[in-house]
Amino acid sequence: MSRSHALFDQCYECGDKKFHNIWQAFNYQKQTGHFPQYRFDQEFIESIKNIKRPKNLSHQYIKNLIVTSLKKLRSQYQYLRLALGGGTDSYSILKYCVQNDIYLDEVFTYMVSIDPNNVKSNIEYLPAINYAKQHIGKTIGNVLLLHPTIKDYECVFEKDWLENTNYVRGSLLPGRITNAVSRWYDKTNVPLDRSLTIFGLDKPYIENINGKMYWTHFDLATAELMGCQHTLPLFFDKNNPELSVAMTYGLLENSDKSKNIIGFDTQPKDKKTKIIENMGLESTGHHYIDQHLLGKSVFDNKSIKASLAKKELINLGRQDILDAYNTTIENCIKKYSSLPHALEIKNNKTIKTVARYTEKIPIYQDSFGC
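What comes next is a walk through the structure. Treat the numbers as computed from the prediction; the structure is a model and nothing was measured.

Let us look at the pattern of salt bridges. Applying the stated criterion across every chain, the model contains 18 salt bridges. Close ionic contact of Glu 13 with Arg 39 constitutes a salt bridge, the shortest N to O distance being 3.3 Å. Of this pair, Glu 13 sits in strand β1 (residues 11-14) while Arg 39 sits in strand β3 (residues 37-39), and the two are 26 residues apart along the sequence. On the accessibility criterion, Glu 13 (25% relative accessible area) is partly exposed. Put simply, Lys 238 and Asp 41 hold a salt bridge, and the shortest N to O gap is 2.9 Å. Here Asp 41 lies in the loop between β3 and α2 (42-48) and Lys 238 lies in the loop between β10 (231-233) and α8 (241-252), a separation of 197 residues in the sequence. Taken together, the salt bridges that share partners define one network made up of Asp 41, Glu 43 and Lys 238.

Here we have 3 strands laid out as an open sheet, ordered β2-β1-β3, and antiparallel in their pairing. The open sheet has two free edges, formed respectively by β2 (17-19) and β3, since each of these has just one partner strand. If you compare each strand with its neighbour and ignore which way they point, the axes differ by 35 degrees on average. Two strands pair when backbone bridges link them, and β1 and β2 are joined in this way by 3 bridges, in the antiparallel orientation. Bridging across to β2, Glu 13 finds its partner in Lys 18. In the packing of helix α1 (residues 22-32) onto the sheet, contacts are made with β1 and β2, and the angle to β1 comes to roughly 0 degrees.

On to the sheet that holds strand β11 (residues 261-262). Taken together, the 4 strands give an open sheet; going across it, the order is β11-β8-β9-β14, and neighbouring strands pair in antiparallel fashion. Here the strands that pair on one side only, and so sit at the sheet edges, are β11 and β14 (361-362). Of the pairings in the sheet, the one linking strand β8 (residues 205-209) to β11 comprises 2 bridges and is antiparallel in character. Looking at β11, one finds that Ile 206 is bridged to Ile 262. Contacts from α8 reach β8, β9 (212-216) and β11, with the element oriented near 55 degrees to β8.

On any regular strand, side chains alternate: one points to one face of the sheet, the next to the other face. Alignment of β1 against β3, held across 3 bridges, turns out to be antiparallel. Residue pairing for β3: Glu 13 is matched across the bridge by Gln 37. From the end of β1 to the start of β2, which pair antiparallel, there are 2 residues, and Gly 15 there has a positive phi angle of about 65 degrees.

This part covers the nonpolar core. If you look at the biggest cluster of nonpolar residues, it comprises 96 residues, and the most contacted ones within it are Trp 23 and Trp 215. Sort the elements by how many residues they give to this core and helix α12 (residues 319-336) lands first, with 8 residues. Grouped together as the second largest cluster of nonpolar side chains are 13 residues, Tyr 110, Leu 144, Tyr 185 and Leu 225 included.

Attention shifts here to unusual backbone geometry. For Asp 160, which is not glycine, the phi torsion reads 55 degrees and is therefore positive. Its identity is not glycine, yet Asn 347 carries a phi of approximately 55 degrees, on the positive side. Tracing the backbone shows Asn 347 in the loop between β12 (343-346) and β13 (350-353). On the basis of relative accessible area, Asn 347 is assigned to the exposed category, the value being 62%.

Reading the values: rules and limits
- Residues numbered from 1 in each chain as written.
- Predicted model: local features only at pLDDT ≥ 70, side-chain atom pairs only at ≥ 80, totals over all residues.
- Heavy atoms only, no water.
- Salt bridge = Lys/Arg side-chain N within 4 Å of Asp/Glu carboxyl O.
- Helix = DSSP H or I, 4+ residues; strand = E, 2+ residues; numbered from the N terminus.
- Buried < 20%, exposed > 50% of the residue type's maximum accessible area, 1.4 Å probe, protein only.
- Pairing = 2+ DSSP bridges.
- Axes fitted to C-alpha atoms, helices over the stretch in contact; angles between N-to-C directions.
- Contact = heavy atoms within 4.5 Å.
- Core = buried A, V, L, I, M, F, W, Y, C linked by side-chain atoms within 4.5 Å.

Set out below in structure tokens:
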């Protein structure tokens, strides 16, 4: 099956304009005063309303729902690709494909280092990559490792590079400069227009408002796929809405419900292993990966992987790239710090965009509301 549109439609809506890049939307907000709203795929939103809570909310049941989506997608597309991030989400998808003989034409990972022999920088990805390589010629056609180049990094010397959707989509200020999904998802050895690229980006979230629970989402990693053709965040499959609903209930029943935002990443460490299982996913077998000890940070440019990428640039004598990146941050503070609900600024040296939420859907004991 060939599709010429985004299977998961999302954007920032600002007045009468739509954007796939928050920095473009901020510029329009400055011109017009309109506030950028995050618009999640409306067909997906409608699909999960009024869906009943599964009676059998077991790990195996939710796993079977994931496999159902994968099998259907495999039957619909000539080529099926998996973006392998190394964490529990994409690792689970990979493992379920292998276990259920669902052929992946290509598995690919965007690595941290320029140097392909730099194990330390890429260690988070290696267990999943090695598992995938064991199945080449069986359930996997090819494993593609994509490393950044100096030329990729040199985008920071272009005027307003952060507003260019060739470099950045969604709300991201890329902590490693080149790590935005839109930079690398379409680098492939198979025909992109006849393929579907599956992502394990983001699990469901819940918002606790005065003790009442609501399904919601905000412009995190999933937003990086804005306008990216032939892609699908698997856990938000509008053709299998029971999957997202079941994962949400699995999260809710095993979480600390006192928090305002309930998500895997907001939970105490002692709950995370059980939450992974009860959302139908698999442990990678490595605590430092399951717990996001290497890759996640409130400010993306402060993560361990970002620090390792910076160290490599310094060792290559390219401090000028880091200086240009820091200038980008300074310019963002000057341009956007006065906008309401736009930036979080730390020590006047690092920033992130303030999260924007989708509409909320009530979560009742036996079903989602509308």
